[in-house]
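Take a look at the letters that make up each chain.
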Amino acid sequence: MKRRTYALLLALALSASLLTACGGNNGGSSSSQPESSVSSSQTGDQSQPDASLPDSSLPGGSASQEPAPDGSNPQEEPSENVTEEPQAQASLSLDTSDFTLFSAGSSHTLKATVTPAGQKVTFTSGNEAVATVDENGKVTAVAPGTARITATAGDLTAACIVRCRWEESAPSTGGSGSSSAGSSSGPVSDPPAPAQVDLSAFYTTVTSNYEFGMLSLADASLAENVYPGLFDVDTQQCLPYINLMTMNTSEIVLVEVTDSSDVDTVKGILQSRVDAQVDGGAWYPSAIEVWQNSSRIVSNGNYVMLVVHEKCDDIVNDFNALF
């Protein structure tokens, strides 16, 4: 009886030992898997981002984006609006609309400005018996009167008035050579004195026909600084018009001396002014060039003029036409 009990207990102990052994194997199965199966599981996990590819969720990502509602591609930079420049309006103008010539043969050259540039400008005179005009716009006085000068460029036109003003000499009667009695016994009259030229009126005409800067008539005090000695000369008319602008490219002085021996004195004073401006007094290189190349000092009888202007030669012709 004891042997059976012992055998039964032994069998139960072996069974329990076997059950325990089997349970331990099942609990460690997760750790006994092959290493290769674990690495395969990791490489196949798509939840890990690849650093070599841009993240489309970031602003700099290069992933494609959906088109905007208006059909434009957000990645494309907006094109700049191209605005066509308006074409310049065609125009034609002359540098003056009214000028005066004071003697037959005196002239003035018109300057035409046309837009667009490059168009040919032609000139015509409405009264060639009074004034003619050549292809370059040079108007020449023929006889006293008024003429209309017209410039044309294509469909564009511009016009100005030229006034020719002077007195025609009275024709000779032919009786001065008569040998009738008493013709040589009468008193011989002196030739009439030349009429005085109104320099103030000439200045008004010149500044109307030509564009000058800001001119002021200098008094004796101001003239002493600019034209020293000018008011010490005995004169009938003394009109120094001085340009007070920093950029001085125009000036005019008109003088009538009482004694003709003072003409050279006045011309020397005016020349000193020109020399000082050329030596640096005009300050700006362009102004110095004008004083050097476009200044004229002329005299006619007791009358003297200094003019500084780009059209100085035309103004000299107008001055000489007064006599």
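Chains are numbered independently. Their residues run from 1 in the order of the written sequence. Two thresholds apply to this predicted model, a pLDDT of at least 70 for residue-level local features and 80 or more for giving and counting side-chain atom pairs, whereas whole-chain, interface and lining totals are computed over all residues. Side-chain measures were taken over the full set of non-hydrogen atoms in the model, leaving aside hydrogen atoms and water.

S.K.: What is the right way to read the sheet that holds strand E9 (residues 156-164) from this model?
M.R.: Each strand in a sheet pairs with its neighbour through backbone hydrogen bonds, running either in the same direction (parallel) or in the opposite one (antiparallel). We call two strands paired when DSSP finds no fewer than two bridges between them. The secondary structure listing takes helices from DSSP runs of H or I that are at least 4 residues long and strands from runs of E that are at least 2 residues long, numbered from the N terminus. Strand order across the open sheet formed by four strands is E2-E9-E8-E5, with mixed pairing between neighbours. At either margin of the open sheet sits one strand with a lone partner, and together these are strand E2 (98-101) and strand E5 (122-125). Each strand of the sheet is rotated relative to its neighbour by a mean of 25°, with strand direction disregarded. Direction of pairing for E5 relative to strand E8 (residues 145-153): antiparallel, over a ladder of four bridges. Looking across to E8, one finds that serine 125 is bridged to isoleucine 149. A fitted line through C-alpha atoms represents every axis, and for helices the fit uses only the stretch in contact; the resulting angles, taken between N-to-C directions, go from 0 to 180 degrees.

S.K.: Please explain helix H3 (residues 199-209) as it appears in this structure.
M.R.: Each full turn of the α-helix corresponds to 3.6 residues, which orients residues three or four apart in the same direction. Burial classes follow relative accessibility: with a 1.4 Å probe on protein chains only, a residue under 20% of its type's maximum area counts as buried, one over 50% as exposed, and anything between as partly exposed. Within H3, burial applies to Leu199, Phe202, Tyr203, Val206 and Asn209. Buried residues of H3, viewed axially, fall in a sector of 135°; they line one side. Residue contacts are counted whenever heavy atoms from the two residues lie within 4.5 Å of one another. Of the surrounding elements, those touching the buried residues of H3 are E2, strand E10 (215-217), strand E11 (235-243), strand E12 (251-257), strand E14 (303-308) and helix H7 (312-320). Polar contact is the term for a pair of N or O atoms within 3.5 Å; when the atoms are in protein, one must be able to donate a hydrogen and the other to accept it, and sequence-neighboring residues count only if both atoms are side-chain atoms. Backbone nitrogen of serine 200 and a side-chain oxygen of the N-cap are separated by 3.1 Å at the start of H3; the cap is aspartate 198. What the arc measures is the spread of directions leading from the helix axis to the C-beta atoms.

S.K.: Hey, could you run me through the pattern of salt bridges in this one?
M.R.: Working definition: two side chains of opposite charge can pair if their charged atoms are close together. Salt bridges are defined by distance alone: a side-chain nitrogen of Lys or Arg within 4 Å of a carboxyl oxygen of Asp or Glu. One pass over the full model with this rule turns up four salt bridges. Residue aspartate 98 pairs with arginine 163 through a salt bridge whose shortest N-O separation is 2.6 Å. Of this pair, aspartate 98 sits in strand E2 while arginine 163 is found in strand E9, placing the two residues 65 residues apart along the sequence.

S.K.: Would you take a moment to explain the sheet that holds E11 for this structure?
M.R.: Within the open sheet, the five strands sit side by side as E10-E11-E12-E14-E13. Their pairing is antiparallel. Of all the strands in the sheet, just E10 and strand E13 (295-300) have a single pairing partner and so form its edges. Taking each pair of neighbouring strands and ignoring which way they run, the sheet shows an average axis angle of 15°. With respect to the sheet, H3 is in contact with E10, E11, E12 and E14, its orientation differing from that of E12 by roughly 160°.

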